[in-house]
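Below are the chains, spelled out letter by letter.
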Amino acid sequence: MKPRYFIANWKMKLSPDASVKLLKALAPKVKKFGQKVELIFCPGFVALAGCTQAVKGTALKLGAQDVFWVDKGSFTGEVSPLDLQTIGCQYVILGHSERRKHLGETDAMVNKKIVACLKHGLTPIVCVGENWEQRQEGQATLTLEQQTRNCFQNIMLKNQQQLIICYEPVWAISDNLGERQISAADVEPMVEVIKQGLYEVLSVDQVESSCHFIYGGSVDSGSLNNFLQLDTIEGGLVGAASLEAEEVVAMVKILANR
Ligand code: PGA
């Protein structure tokens, strides 16, 4: 059976101390689910090194929220994929809509970052998804096709390399939500669009066995089951609801029981 993915995106919301504290509180509570669910936590960069100590010997794994595409050099403020790998980080969130919006991150940058991650044994968690205007203008499918094509162009997967692709409509993220609700029926065709894009660069076998599709945007213990009803969805990228230990445990239990 394919693993399920629980991925916590802590954004810039927890201090290093609070990050370590939450990981330590969670480790014993989710231990027994570690066989069935990949338990991935993505703290801020400053917290990351301290968190590697907190997850040692536990079922918890660490991811970063971004990375640069070069290993070493004159790149002020950037973070090396080599350094992430060295400290024990295993995953990296790439192309999150908040980075696209506030920092001008482009699909071309995401593409270079995917290559750098794969080179260093870091599994990319690539976020794609349309914003509200694009959806209103009937451009959602086109946006997703373009993002998928540009982010994954010329990507090659070797040996055990995996890709996690998160369909995260920008308008469904809890901070942007307003009155807008998303249903599983909205998600299914969009994941299919992403899959079709991936078939252009990877073999059918690679897409089926090495690409994992998750959903992100206001996921919590109340909504997670809806998305898991879809055969293609293997887990969730969770922001706000991943900041509370009890919510995390509830979501991990749901994932383990699917
Ligand atoms: P949310 O955030 O779960 O708070 O909507 C998800 C994300 O932005 O990755």
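Residues numbered from 1 in each chain as written. Predicted model: local features only at pLDDT ≥ 70, side-chain atom pairs only at ≥ 80, totals over all residues. Heavy atoms only, no water.

1. Some points on the sheet that holds strand E4 (residues 91-94)
- The 8 strands are arranged E1-E2-E3-E4-E5-E6-E7-E8 in a closed barrel whose pairing can be described as parallel. Strand-to-strand twist of the sheet, defined as the mean angle between neighbouring strand axes without regard to direction, takes the value 30 degrees.
- As judged from the 3 bridges shared by strand E7 (residues 211-216) and strand E8 (residues 233-238), these two strands associate in the parallel manner. Residue Phe213 lies in a different strand from E8, and its bridge partner there is Ile233. (Pairing = 2+ DSSP bridges. Helix = DSSP H or I, 4+ residues; strand = E, 2+ residues; numbered from the N terminus. Axes fitted to C-alpha atoms, helices over the stretch in contact; angles between N-to-C directions.)

2. Regarding the packing of helix H1 (residues 16-30) against helix H11 (residues 245-256)
- At a minimum axis separation of 10 Å, H1 and H11 run at an interaxial angle of 35 degrees. Crossing of H1 over H11 shows right-handed handedness. Here Leu22, Leu26, Lys29 and Val30 of H1 lie close against H11, whose contacting residues are Ala245, Glu246, Val248, Val249 and Val252. (Left-handed = near helix turned anticlockwise from the far one by under 90°. Contact = heavy atoms within 4.5 Å.)

3. Re the site of the ligand
- Every one of the 14 residues lining the ligand counts as a neighbour, but Lys11, Glu168, Ser174, Ser218 and Gly239 are closest to it.
- The contact in question runs from an oxygen atom of the ligand to an N or O atom on the side chain of Glu168, over 2.8 Å.
- Ser218 is positioned with one of its backbone polar atoms (N or O) 2.7 Å from an oxygen atom of the ligand.
- Protein chains shield 100% of the accessible area of the ligand, which is 280 Å² for the free molecule.
- Among the residues making up the shell around the ligand, the classes are represented as 5 nonpolar, 6 polar and 3 charged. (Near = heavy atom within 4 Å. Polar contact = N/O pair within 3.5 Å; in protein donor to acceptor, adjacent residues only side chain to side chain. Areas by Shrake-Rupley, 256 points an atom, 1.4 Å probe, with all protein chains shown as cover. Nonpolar A, V, L, I, M, F, W, Y, C, P; charged D, E, K, R; others polar.)

4. Description of the pairing of strand E5 (residues 123-128)
- A large share of E5 lies buried, amounting to 6 of its 6 residues.
- Burial of the side chains of E5 extends over both faces: Thr123, Ile125 and Cys127 are buried on one face and Pro124, Val126 and Val128 on the other.
- Direction of pairing for E4 relative to E5: parallel, over a ladder of 4 bridges. Its bridge partner lying in E5, Val92 is registered against Pro124.
- Examined bridge by bridge, E5 and strand E6 (residues 163-167) share 4 bridges and lie parallel to one another. Bridging from a neighbouring strand, Cys127 pairs with Cys166 of E6. (Buried < 20%, exposed > 50% of the residue type's maximum accessible area, 1.4 Å probe, protein only.)

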